[in-house]
Amino acid sequence: MNTTTLTNEGTLRVTKNATIPLPGTFTNSTSSVVSGNGNFYIEQDWVNDAIFNANNSSVYLYGDSEQFITSTNGTVTEFNNLILTGNGSGNNKKKTLQNIDTRISTNGNLQINNRELATGTNQLIVLNNSENAISNNQTPGVEGFVSSLPNGYLNWSTNSTNTYLFPVGSSDGTSRYRPVTITPSSNDLNVYSARLNNTSGDTYGYNLSQHDSQIEELNSLFFHSIEQEVPGYNASVAIAHSPAQDQTWTSLAQWDFIQNNWNSLVPVDNSTIGNYNSIVKSDWNFSNPAHPYILVNLVDELNIPNVFTPNQDGANDTYLVSGKGITEYTIVILNRWGNVVFESNDITDPWDGTSKGTPCVEGVYFYSIKAKSINKEYSKQGYITLNAN
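Along each chain, numbering runs from 1 in the same order as the chain's sequence is written. Local features in a predicted model are, by the rule used here, given only for residues with pLDDT of at least 70; side-chain atom pairs are given and counted only at 80 or more, and totals for whole chains, interfaces and linings are based on all residues. Just so you know, side-chain values use all the structure's heavy atoms and leave hydrogens and water out.

Draft legend 1. Just the overall build of the protein, in detail. Numbering of helices and strands runs from the N terminus; a helix is a DSSP stretch of H or I covering at least four residues, while a strand is a stretch of E covering at least two. Scanning the protein from terminus to terminus reveals 1 helix and 39 strands. In terms of overall dimensions, the protein is more spread out than a globule: its C-alpha atoms have a radius of gyration of 28 Å, far above the 21 Å expected for 389 residues. Considered along the principal axes of its C-alpha atoms, the protein spans approximately 100 × 40 × 35 Å. Each residue is assigned to one of three classes by its accessible area relative to the maximum for its type, calculated with a 1.4 Å probe on protein chains only: buried under 20%, partly exposed between the two thresholds, exposed over 50%. Going through the 389 residues of the protein one by one, you find that 52% of them count as buried. Between two residues, a contact is recorded if the distance between any of their heavy atoms is within 4.5 Å. Across the protein, every contact between residues at least 6 apart in sequence was considered, and the portion connecting residues at least 24 apart equals 62%. For accessible areas, the Shrake-Rupley method is used with a probe of radius 1.4 Å. Any residue's cover is judged against the shown protein chains and nothing else. Total accessible area on the protein is roughly 17200 Å²; 45% of this is exposed by carbon and sulfur atoms. In this tally, Lys and Arg are treated as positive and Asp and Glu as negative; His is ignored, and so are the chain termini. Where a charge lies is defined by one atom per residue type: Lys uses NZ, Arg uses CZ, Asp uses CG and Glu uses CD. Within the protein, the 34 negative side-chain charges are centred at a point lying 7 Å from the centre of the 18 positive side-chain charges. Restricting the calculation to C-alpha atoms gives the radius of gyration, and the globule rule supplies 2.2 Å times the number of residues raised to the power 0.38.

Structure below.
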């Protein structure tokens, strides 16, 4: 189309059977203006170099071979409804953004069905704030998903505390659908971005050997990139995994660009996303804005000392239990008469050998500890010797 005004209020179909250059491809070029509330059925590529007013229209990319959404002059298409169908497999399952970002309008929807929308290094931007603006087939093995390469993302504008399902995946190497959900804690407008990186963190310099002491094992198959555009707002973030295909993971970690290592995000919760297990970081404040997140297993450890000497000599002056991977903790310490002299729910809170500010006498005290990690529960009782000498 060159220097043309087209208003589609019905159905426009561009097929590979057409006797035109680039059969099956819809090309909007030069100073053309395309608008309307009708349906556009495109069997090959969508090339938009001019004005496309989506209005209430629906664009169906229904081809059985790989289709491209592109522009030769950098024009970004904003679709109303974008619907992906077709029967191709492998690369022919893809609808690919080629050198251009693409938007879904504030009232529009993205229906992925069982196709792959490949953004590459580009951005797919969903402006519709509804948590129902994106839909996909979630049947195991034939899920539809959005894939991206580094710098590419699925971006979604949010304005509610509902749960937004980001159907991210990848067909590079082993095909994986590993979605993310984000549940904002505020109705304020924000934008969240997600991508599945279908490779080891080592590939991009996020070395799996560099991590804090709480982490025992990290997922070498994939990791996710998740970002928040407007800082200062909390949201719950959940990342899916398949125990049968990925092994079982019990916690999350995030890459710290200052320390150059993976840091555990405990405490976390276990849940599900559709047919997948998930790890949830509730009410996350995005305090470290770095985007890489990874599934991990933590070291389980609870160290309980049995003697301390609160004599103010600077050595072993307090009684402190230590642990790794501990998510819940309670300690109660009793004297020989059964009176509580110390109690706490914080594993980092030491007992200084006093009760209500008064030094306790030398002797043996009884402790009761209940603690929990992702993998196990602890119930410990025993004796502490307080030696003031």
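Draft legend 2. Focus on the sheet that holds strand S7 (residues 51-52). For two strands to pair, DSSP has to find at least two bridges joining them. The 3 strands are arranged S1-S4-S7 in an open sheet whose pairing can be described as parallel. Of all strands in the sheet, those with a lone pairing partner are strand S1 (5-7) and S7, marking the two edges.

Draft legend 3. Layout of the pattern of salt bridges. Any carboxyl oxygen of Asp or Glu within 4 Å of a side-chain nitrogen of Lys or Arg constitutes a salt bridge here. Across all of its chains, the model carries 5 salt bridges by this definition. Between glutamate 78 and arginine 103 there is a salt bridge; the shortest N-O distance is 2.9 Å. In this pair, glutamate 78 is assigned in strand S10 (residues 77-84) and arginine 103 in strand S12 (residues 102-111), connecting sequence segments 25 residues apart. Under the relative-accessibility criterion, glutamate 78 is labelled partly exposed at 26%.

Draft legend 4. Main features of the pairing of strand S39 (residues 377-386). Sheet topology note: the strand S32 (residues 307-308)/S39 ladder contains 2 bridges and is parallel. Considered in S39, the bridge of phenylalanine 308 is made with leucine 386. Summarising the sheet, strand S38 (residues 363-373) and S39 pair through 10 bridges and their orientation is antiparallel. Looking at the pairing, lysine 372 lines up with glutamate 377 of S39.

Draft legend 5. Looking closely at the packing of aromatic side chains. When the centres of two rings from Phe, Tyr and Trp lie within 6.5 Å, Trp using its six-membered ring, the rings pair. Their planes under 30 degrees apart give stacked, over 60 give edge-to-face, and anything left gives tilted. This model, assessed by the stated rule, comprises 26 aromatic pairs. Between the aromatic rings of tyrosine 192 and phenylalanine 286, the centroid separation amounts to 5.9 Å while the plane-to-plane angle is 45°, which identifies the pairing as tilted. Of this pair, tyrosine 192 sits in strand S22 (residues 190-197) while phenylalanine 286 is found in the loop between strand S29 (276-284) and strand S30 (292-298), placing the two residues 94 residues apart along the sequence. With relative accessibility at 9%, the residue phenylalanine 286 sits in the buried group. Seen from their ring centres, phenylalanine 366 and tyrosine 383 are 5.6 Å apart, and the 65° between their planes marks the pair as edge-to-face. A residue pair is termed long-range when its members are at least 10 positions apart, and phenylalanine 366 in strand S38 and tyrosine 383 in strand S39 qualify at 17 residues. According to the relative accessible area criterion, phenylalanine 366 is partly exposed, its value standing at 27%. Note on tyrosine 383: relative accessible area 56%, which makes it exposed. Remark: a charge is flagged as sitting over a ring if the NZ atom of Lys or the CZ atom of Arg is within 6 Å of the ring centre and within 35 degrees of the ring normal. The lysine or arginine in question, arginine 13, covers the ring of tyrosine 41, its NZ or CZ lying 4.4 Å from the ring centre. Over the face of the ring belonging to tyrosine 153 we find arginine 195, whose NZ or CZ atom lies 4.6 Å from the ring centre.

Draft legend 6. Highlighting the environment of lysine 95. Mapped onto the secondary structure, lysine 95 falls in strand S11 (residues 94-98). Residue class for lysine 95 comes out buried when judged on its relative accessible area of 0%. Taking the C-alpha atoms as reference, lysine 95 lies 21 Å from asparagine 53; in sequence the two are 42 residues apart. In contact with lysine 95, other than residues within four places in its own chain, are Leu61, Tyr62, Gly63, Gln67, Leu84, Thr85, Arg115, Glu116, Leu117 and Ala118. Contacts described as polar in this section are N or O atom pairs within 3.5 Å, which, within protein, must combine one atom able to donate a hydrogen with one able to accept it, while residues neighboring in sequence count only if both atoms come from side chains. In terms of polar contacts, lysine 95 uses its side chain to reach the backbone carbonyl oxygen of threonine 85, at 2.8 Å.

Draft legend 7. Just the sheet that holds strand S35 (residues 340-344), in detail. Strand order in the open sheet made by the 5 strands is S32-S39-S38-S34-S35, with mixed pairing throughout. If you trace the sheet from one side to the other, it starts and ends with S32 and S35, each paired once. Strand direction decides the pairing type here: strand S34 (residues 326-334) and S38, joined by 8 bridges, are antiparallel. Bridging across to S38, threonine 330 finds its partner in lysine 370.

Draft legend 8. Spotlight on the side chain of threonine 119. Structurally, threonine 119 can be placed in the loop between strand S13 (116-118) and strand S14 (123-126). At 2.7 Å, the side chain of threonine 119 forms a polar contact with the side chain of serine 148. The residues touching threonine 119, leaving out its near neighbours within four places in the chain, are Leu97, Leu124, Val146, Ser147, Ser148, Gly152 and Tyr153.

Draft legend 9. Region of interest: the nonpolar core. Ranked by internal contacts, the top residues of the largest apolar core, which has 49 residues, are Val59, Leu82 and Phe166. Beyond its immediate sequence surroundings of up to four residues, leucine 82 is in contact with Val59, Leu61, Ile69, Ile104, Asn109, Leu110, Gln111 and Leu117. We define the nonpolar core as a collection of buried residues of types Ala, Val, Leu, Ile, Met, Phe, Trp, Tyr and Cys that are connected through side-chain atoms lying within 4.5 Å of one another. Listed in part, the 20 residues of the second largest apolar core include Phe308, Tyr365, Ile369 and Ile384.

Draft legend 10. Focus on the pairing of strand S2 (residues 11-14). Here S2 shows a clear split, with Leu12 and Val14 buried on one side and none of Thr11 and Arg13 buried on the other. The sheet contact formed by S2 and strand S5 (residues 39-42) spans 4 bridges and is parallel. If you follow threonine 11 over to S5, its bridge partner there is asparagine 39.

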